[in-house]
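Examination of the molecular architecture
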Amino acid sequence: MLKDIIENFQATRKVESGSLLEKLQQKALQLLKSIDFPTTEDEEWKYTNIKKLVNTNFFVKNSDASYANLSHFFPQTECYRLVYVNGIFREDLSSVLLDNNAVVHNLYEAYSSHQEIINQYLDSSTLHTETAFTAINAAWVKHGAFIYVRRGKALQKPVFLVHVQDTRSHSSLAQLRHLIIVEPGSQLSFVEQYYTLGQSESLMNLVCEAFISQSARMNHVLLQTEKSLSSFVNFTQVHQAQQSHYTNTTLTLGGQLVRNNLHVSLEGEHAEAFMYGLYMLKGNTHADNHTAVDHRVPNCHSNELYKGLLDERSTGVFNGKIFVRPNAQKTNAYQSNKNILLSQQASMNTKPQLEIWADDVKCSHGTTTGALEEEPLFYLQSRGICQEKARALLIYAFVAEILEKIQPLFARQAAEQMVKEWLGNQLEIA
Amino acid sequence: MLKIENLHVKIGEKHILNGVSLEVKAGEVHAIMGPNGSGKSTLSAVLAGREDYEVVEGSVTFEGKNLLEMEADIRAKEGLFLAFQYPVEIPGVSNTNFLKTAVNEVRKYRGLAPLDAVAFLKEMKEKMKLVEIDQSLLSRSLNEGFSGGEKKRNEIFQMAMLNPKLAILDETDSGLDIDALRIVAKGVNALRDGKRAFIVITHYQRLLEYITPDFVHVLYKGKIVKSGGKELALALEEKGYDWIKKEIEETV
Ligand SMILES: Nc1ncnc2c1ncn2[C@@H]1O[C@H](COP(=O)(O)OP(=O)(O)O)[C@@H](O)[C@H]1O
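Right, let's get into the pairing of strand S10 (residues 197-202) of chain B. All names here are of chain B. Burial analysis of S10 places six of its six residues in the buried class, the great majority of the element. What you see with S10 is no split at all: Ala197, Ile199 and Ile201 on one side and Phe198, Val200 and Thr202 on the other are buried throughout. Two strands pair when backbone bridges link them, and strand S3 (residues 29-33) and S10 are joined in this way by five bridges, in the parallel orientation. Looking at the pairing, histidine 30 lines up with isoleucine 199 of S10. Where strand S9 (residues 166-170) meets S10, five bridges bridge the pair, whose relative direction is parallel. Its bridge partner being in S10, leucine 169 is matched across the sheet by valine 200.

So, on to the nonpolar core. Formed by 130 residues in total, the largest nonpolar core has its most connected members in Leu251(A) and Leu2(B). The element best represented in this core is helix H8 (residues 387-403) of chain A, accounting for eleven residues. Of the residues that make up this core, three or more belong to each of domain 1 (2-371) and domain 2 (372-430) of chain A. Each residue touching Leu2(B), except ones within four places of it in the same chain, is listed here: Leu22(B), Glu23(B), Val24(B), Leu47(B), Val60(B), Thr61(B), Phe62(B), Leu67(B), Leu166(B) and Ile199(B). Residues Tyr80(A), Leu161(A), Met218(A) and Val297(A) belong to the second largest nonpolar core, which totals 54 residues.

Two aromatic rings, taken as a pair, are described by how far apart their centres are and by the angle between their planes. For the structure on display, the rule yields 13 aromatic pairs over all chains. Taken together, a centroid distance of 6.1 Å and an interplanar angle of 35° make the contact between Phe146(A) and Tyr148(A) tilted. With relative accessibility at 0%, the residue Phe146(A) sits in the buried group. Their ring planes at 25° and their centres at 6.5 Å tell us that Phe274(A) and Tyr276(A) sit as a pair that is stacked. Exposure remark for Phe274(A): the relative accessible area of 15% places this residue in the buried category. Taking relative accessible area as the criterion, Tyr276(A) reaches 10% and is therefore assigned buried. Aromatic ring contacts, followed pair by pair, group Phe378(A), Tyr379(A), Phe84(B) and Phe98(B) into a single cluster. Over the ring of Phe398(A) we find Lys307(A), and its NZ or CZ is 4.3 Å from the ring centre. One Lys or Arg, Arg383(A), reaches over the ring of Tyr379(A) and ends 4.9 Å from the middle of that ring.

Attention now goes to the layout of surface pockets. All names here are of chain A. If you add up the space inside the second largest pocket, you get close to 450 Å³. Along its surface, the second largest pocket is lined by 24 residues, and Gln193, Tyr195, Thr225, Met418 and Glu421 are the ones closest to its centre. For the lining of the second largest pocket, the secondary structure elements donating two or more residues are strand S8 (187-198), strand S10 (217-225) and helix H9 (409-422). In terms of residue count, H9 provides more of the lining of the second largest pocket than any other element does, eight residues in total. Mapping the lining of the second largest pocket onto the domain boundaries places at least three of its residues in each of domain 1 (2-371) and domain 2 (372-430).

To continue, consider unusual backbone geometry. Along the chain, Gln407(A) connects to Pro408(A) via a cis peptide bond; the corresponding omega equals -10°. Topologically, Pro408(A) is positioned in the loop between H8 and H9. Its identity is not glycine, yet Glu63(B) carries a phi of approximately 50°, on the positive side. Residue Glu63(B) is classed as partly exposed on the basis of its relative accessible area, which comes to 41%. With a phi close to 50°, Asn163(B) is a non-glycine residue in the positive phi region. Among the structural elements, Asn163(B) can be located in the loop between helix H6 (148-162) and S9.

On to the pattern of salt bridges. Going through the model one piece at a time under the given rule, you end up with 25 salt bridges over all chains. Residue Asp360(A) pairs with Lys330(A) through a salt bridge whose shortest N-O separation is 2.8 Å. One end of the pair, Asp360(A), is in the loop between strand S19 (347-356) and strand S20 (361-371); the other, Lys330(A), is in the loop between strand S17 (315-324) and strand S18 (331-341), with 30 residues separating them in the sequence. Of the residues examined, Asp360(A) reaches a relative accessible area of 36% and is grouped as partly exposed. Residue Lys330(A) is classed as partly exposed on the basis of its relative accessible area, which comes to 48%. Residues Lys186(B) and Glu132(B) are paired through a salt bridge, measuring 3.0 Å at the closest nitrogen-oxygen approach. One end of the pair, Lys186(B), is in helix H7 (residues 178-190); the other, Glu132(B), is in the loop between helix H4 (117-131) and helix H5 (135-139), and 54 residues separate them in sequence.

This part covers H6(B). Look at H6(B): 21 Å from first C-alpha to last across 15 residues, which is about the 21 Å you get at 1.5 Å a residue. One or two steps after H6(B), the chain reaches Asn163(B), where phi turns positive at roughly 50°.

Criteria and thresholds
- Residues numbered from 1 in each chain as written.
- Chains lettered and ligands numbered in written order.
- Predicted model: local features only at pLDDT ≥ 70, side-chain atom pairs only at ≥ 80, totals over all residues.
- Heavy atoms only, no water.
- Buried < 20%, exposed > 50% of the residue type's maximum accessible area, 1.4 Å probe, protein only.
- Helix = DSSP H or I, 4+ residues; strand = E, 2+ residues; numbered from the N terminus.
- Pairing = 2+ DSSP bridges.
- Core = buried A, V, L, I, M, F, W, Y, C linked by side-chain atoms within 4.5 Å.
- Domains from an automatic or database assignment.
- Contact = heavy atoms within 4.5 Å.
- Phe/Tyr/Trp six-rings, centres within 6.5 Å; stacked < 30°, edge-to-face > 60°.
- Lys NZ or Arg CZ within 6 Å of the ring centre and 35° of its normal.
- 1 Å grid on protein atoms, 1.4 Å probe; cavity = no way out; pocket = protein on both sides within 12 Å on 5 of 7 lines; lining within 4 Å.
- Points joined across faces, edges and corners; volume = space filled by probe spheres on them.
- Salt bridge = Lys/Arg side-chain N within 4 Å of Asp/Glu carboxyl O.
- Expected span 1.5 Å × (residues − 1).

Keep in mind these values describe shape, not function.
As structure tokens, then:
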């Protein structure tokens with residue numbers, strides 16, 4: 001059981017005794033005694049059955065993985081780089097930043113010099129008690145990105161975080177806890193990418209919390225390119241102050257069971273949030289995107305577009321919540337979820353959920369799920385393009401709308417490459 | 001080149017073509033006319049390889065090969081082209097990209113080397129002049145937001161790029177004003193090289209003033225009921241289809 005594993009692996013999560021990190025760990029362990037993992041009885045987990053997942057006996061590595069040649073996972077572009085293998089920070093492969101303007105480092109390493117601010121944010125976080133998943137993550141809190149961009153500074157380079165789940169010789173449980181603080185008027189571009197090596201079972205249990213201050217901007221890309229036996233559970237919570245700007249693009253291109261929770265809380269007026277998602281599923285992959293945007297104050301704007309392609313026996317879930325609080329007048333909130341089922345066996349459950357308590361708002365939502373249209377397919381074929389290639393062209397056209405949103409360029413190119421591979425390299429896209 | 005023999009086609013339980021026979025030789029231009037609902041579009045769709053139709057009887061050969069057994073893309077690669085009556089809009093697929101893919105797929109099948117970017121562009125420029133199509137249309141998504149005339153011109157442009165042996169124009173004239181009609185016809189005429197064959201499907205005689213057919217056939221109730229030279233089209237224009245209908249009914 002997941003819970004027992006945490007108890008047993010003290011060494012990997014060892015932190016200074018008496019520190020807040022240790023206190024958080026203890027508190028979480030205590031909490032885990034009384035809370036259980038959600039079941040399909042739970043409305044939030046109705047279509048995602050995690051019974052098998054939480055009963056898997058994952059292996060946890062105590063030491064750094066020996067696998068050293070990971071450079072082919074790194075982008076060619078200049079960036080700050082945080083590298084993790086099986087949940088453990090690899091400083092030797094990373095290129096960190098730690099100066100008066102900004103910090104890009106592993107949470108644990110940054111803790112000694114930035115204890116005060118880390119304590120302040122972690123201690124007040126309510127995320128740790130959200131679910132059993134976030135609790136086991138807290139019981140482990142040590143590894144993960146700490147990104148701190150000071151007032152009025154823009155990072156000169158994007159931050160690229162890569163996690164490699166090495167399951168070639170054994171299963172693996174890995175957990176990361178990111179803390180991101182973008183101070184007033186500053187800017188951050190953060191790209192996370194998750195890979196698997198090997199064929200054993202694994203779980204990445206990720207918790208990410210970002211605080212975007214007044215007039216600050218954050219661009220956030222999550223690339224999930226895991227293998228068929230890798231599962232991924234992700235809680236990303238974003239807090240936005242006034243006039244801040246946040247863009248999230250989440251790409252899911254594989255895995256066994258993927259559950260993303262993306263919660264954006266608009267806490268200052270004139271904040272803007274853009275949430276884009278693309279999931280391309282085949283085999284037995286199950287991917288569940290739960291998003292929530294909470295309009296707590298007036299005059300904010302949120303825009304969400306999630307697109308999905310489901311082939312073979314894959315299953316998908318989209319649940320998009322929009323809350324508009326009573327005083328959040330002049331809210332603009334848009335949401336759209338579009339799916340294409342490429343096989344008879346694939347299925348999609350989609351549910352927009354709007355809870356609007358204010359009256360002067362502009363909200364809209366729409367959802368479609370259908371097969372690839374016959375007419376365009378025939379048109380392309382009648383011009384000499386074989387069926388497989390014609391399908392690939394149409395699918396690419398469908399997903400391009402999301403790919404175009406991805407910044408910076410290296411992340412977009414990586415995403416395009418991944419999509420082409422998913423399509424069986426039918427396309428040379430100019 | 002194309003030989004249709006006693007073709008019977010139904011969709012669901014509905015019989016639409018009831019024994020069509022037609023032979024088209026290299027270099028010939030055949031017009032197929034007929035009142036609405038006579039099966040003209042069905043004939044072109046069956047030839048192009050649309051799957052909703054069931055061929056219950058008869059055969060179609062294209063240069064001696066069984067056309068009905070080929071997938072739609074193979075028919076195109078073999079040299080058959082259909083200009084659609086209603087070209088579909090495909091957002092997100094760039095016109096140029098699509099065409100480059102199509103041209104090179106077809107070339108590959110015919111044992112020709114693929115065109116590189118420069119050669120393709122040169123070819124495109126040449127053919128663009130032919131149909132007076134604007135560069136800006138080609139960088140846009142395929143047919144998306146194109147006017148009726150632009151769509152039809154794009155069809156002829158694709159035809160020019162794909163170099164078919166036999167082109168079928170399905171009511172290419174419908175919805176076109178005189179200028180657009182003239183441009184489309186000019187494109188088609190420029191591609192008449194004595195070898196390439198055409199089947200021009202139309203309800204009206206109008207287009208045939210610009211594209212002179214060698215043969216005119218009248219399709220009625222899923223059958224070719226009358227064939228003749230270009231004067232038949234003029235007779236139809238003058239007397240309307242009722243004249244033919246009456247003649248048929250009388251002979252039954
Ligand atoms: N998909 C279809 N389902 C049922 N009937 C059809 C379908 N397509 C065409 N038809 C019928 O077949 C007949 C011939 O149609 P069509 O080939 O479009 O004729 P034309 O092009 O000469 O106007 C019409 O009666 C039409 O209603």
